[in-house]
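Here is what each chain is made of, one letter per residue.
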Amino acid sequence: KDIKMEMKKALKMIQLNIEAEQNNVGGVKVTTLSGKPGIGKTERTRKLAKEMGLSFYHVSAPEVSIEQLTGLPEFTDVEPGFEKYSVSNNNFQKSTSWSCPEIIANANIKAKEGKKGCLLLLDDIHETPLSTIPYFYQLLNEKKVSGWTLDEEVYIVTAMNDSDSANFAGLPSPIINRMSILKVDFDEKEFLDKYSVNFNYLVRSFLKANPIFLSETENTEAPFGSPRSWTQANNTFNYIYEQDKEFAIENVEDFFRGSISEKAAKELKKRVVYLEKLNLQNYVNQGVKEVMADKEITLDISEKEQIDQVLMGYIVNFIDTIEDSIYFTKLLEKNIDNRSFIGFCAAEVYLKYCAHLDEGQPISDGLRLFIEKGLEVGEFDFNNYKEMTPTQKKIVKNYKISERENFLNSIIPYMNAD
């Protein structure tokens, strides 16, 4: 059985490999990410390029034509006297030169766009057609093709799927000998903590409880779950959920059946139906009314079934407004001794804030107020809260957490996903 490494470890090795090239270390091999389809090889490499200050140029090797690697012919007059070599006795002979290949030209242009160069990802190289293999061989071996060279600040990384179901039948031995192949596996926890944080909470809840469905066995006859298929299906479902929630809930199994396994789609439906019965939005609406009426909130998490005490933590996804933030704070204060609920809420808040800082994902005013002013994490700026009513301005100005030190001692330990 192949020994595989975590994706983040492989990406660190790619980063160091590129840095070695940047520091003129000779004999550095091209690195290749090898693993199952849909586990994020392309997107994670794109993110690495951004983190390193490199522009990103993605090339799908199976789709590249010979002309993109050779360039196109350009005709010019031959040198005087050269016409004597023409067997047609034509005094108007032309010679042929070749334009810069598209791949070389684009990569070199992007190298100047990036702060430190360009990461050129040659994707799906295991499906490179026989007609273009010699050109890719030269590109990988010498960083040039058809008489044109890549800029010294272009760094090549390749990726491939390594299973029979993905049409992998090996690579020519000279190419394998000149590459460093990093066999990677999918990290479920990393994906759930960092890359699914903005999934619809119904879908994310299901995957956290059933991570086995996140990376299902490959299949050439029916859909199977992968990080890519779940992400794409979630994006469609989430849009429909926002447009017509009732329709989305009723047809959730049908929405997902074309992207994941039949079994996963059926189990997802069960989870969605159960979560919808909790009606978390209703709790927030009722709680805000209690808070605005200066009443004590009535929701006691300990009165719920054990599984529901954890699932109630998804209430974080419904903390949108400034008023919601006040309710959320009082809800946590009231239930501060419920470790399951507090821990889940804290972890969800932490992950959403990290996604906001690291990925630029939007964050609601309610969560921003709770984090930046209540927990004093990050920098609180009154101007971040747009178009507030006089009442909301007063709420923000006076917002605080009572017995803050004890509150922080209870919640902060859970706000560390790593």
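Below: a short report on this structure. (Residues numbered from 1 in each chain as written. Predicted model: local features only at pLDDT ≥ 70, side-chain atom pairs only at ≥ 80, totals over all residues. Heavy atoms only, no water.)

Helix H9 (residues 227–243) packs onto helix H8 (residues 201–209) with a crossing angle of 145° between their chain directions and a minimal axis gap of 9 Å. Packed against H8, whose contacting residues are Tyr201, Leu202, Val203, Phe206 and Leu207, the element H9 presents Trp230, Asn234, Phe237 and Tyr241 at the interface. Tallied by class, residues from the contact of H8 with H9 come to 8 nonpolar, 1 polar and no charged. (Axes fitted to C-alpha atoms, helices over the stretch in contact; angles between N-to-C directions. Helix = DSSP H or I, 4+ residues; strand = E, 2+ residues; numbered from the N terminus. Contact = heavy atoms within 4.5 Å. Nonpolar A, V, L, I, M, F, W, Y, C, P; charged D, E, K, R; others polar.)

Soluble globular proteins tend to pack their nonpolar side chains together in the buried interior. Within the largest apolar cluster, 90 residues are counted, with the highest numbers of intra-cluster contacts made by Trp230, Phe256, Tyr327, Phe328, Leu332, Phe370 and Ile411. Residue contributions to this core peak at 7 residues, all from helix H16 (residues 339–359). In this view, Phe370 contacts Ser325, Phe328, Thr329, Leu332, Val349, Leu375, Tyr399, Ile401, Phe407 and Ile411; residues no more than four positions away in its chain are not counted. Of all hydrophobic cores here, the second largest spans 23 residues; its members include Ala111, Cys118, Leu150 and Met160. (Core = buried A, V, L, I, M, F, W, Y, C linked by side-chain atoms within 4.5 Å. Buried < 20%, exposed > 50% of the residue type's maximum accessible area, 1.4 Å probe, protein only.)

So, about the pattern of salt bridges. A full pass over the atoms with the stated rule returns 16 salt bridges. One salt bridge in this structure joins Glu348 and Lys208, with 3.7 Å as the shortest N-O distance. Of this pair, Glu348 sits in helix H16 while Lys208 sits in helix H8, and the two are 140 residues apart along the sequence. For Arg368, the salt bridge identified is with Glu372, shortest N-O distance 3.6 Å. Here Arg368 and its partner Glu372 are both found in helix H17 (residues 365–374), 4 residues apart, which amounts to about one turn of the helix. Several salt bridges share partner residues, and in doing so they unite Glu253, Asp254, Arg257, Glu262 and Lys266 into one network. (Salt bridge = Lys/Arg side-chain N within 4 Å of Asp/Glu carboxyl O.)

With that out of the way, let us pick up helix H19 (residues 404–411). Every buried residue of H19 is accounted for by Phe407, Leu408 and Ile411. Viewed end-on, H19 has its buried residues packed into an arc of 95°, placing them on one side of the element. Exposed and facing more than 90 degrees away from the buried side of H19 are Glu405 and Asn409. The elements touched by buried residues of H19 are helix H15 (322–334), H16 and H17. (Arc of directions from axis to C-beta.)

There is about 1,600 Å³ of room inside the largest pocket. Every element with two or more residues in the lining of the largest pocket is listed here: helix H1 (7–22), helix H2 (41–51), helix H7 (188–195), H9 and H16. When residues in the lining of the largest pocket are grouped by element, the largest group, 9 residues, is from H2. Of the residues that constitute the lining of the largest pocket, the class distribution is 16 nonpolar, 11 polar and 21 charged. For the second largest pocket, the calculated volume is near 510 Å³. Lining the second largest pocket are 21 residues, and of these Asn198, Phe199, Asn317, Asp320 and Lys352 sit closest to its centre. If one sorts the elements of the lining of the second largest pocket by residue count, H9 sits on top with 3 residues. Of the residues belonging to the lining of the second largest pocket, the class tally is 10 nonpolar, 7 polar and 4 charged. (1 Å grid on protein atoms, 1.4 Å probe; cavity = no way out; pocket = protein on both sides within 12 Å on 5 of 7 lines; lining within 4 Å. Points joined across faces, edges and corners; volume = space filled by probe spheres on them.)

On to the packing of aromatic side chains. Throughout the structure, instances matching the rule amount to 16 aromatic pairs. The rings of Phe206, Phe213, Trp230, Phe237, Tyr241, Phe247, Phe255 and Phe256 are connected pair by pair, giving a single aromatic cluster. (Phe/Tyr/Trp six-rings, centres within 6.5 Å; stacked < 30°, edge-to-face > 60°.)

Overall, parallel pairing links the 6 strands, which are arranged E1-E10-E2-E9-E6-E3 in an open sheet. Where the open sheet ends on each side, the last strands, each with one partner, are strand E1 (5–6) and strand E3 (55–60). Relative to strand E6 (residues 118–123), E3 runs parallel, the two being bridged by 6 bridges. Of the residues in E6, the one forming a bridge with Phe56 is Leu119. Its contacts with the sheet put H2 on strand E2 (30–35), E3, E6, strand E9 (154–161) and strand E10 (179–185), and the angle it makes with E3 is roughly 155°. (Pairing = 2+ DSSP bridges.)

Tracing the backbone shows Ser325 in helix H15. Residue classification places Ser325 among the buried residues on the basis of a relative accessible area of 0%.

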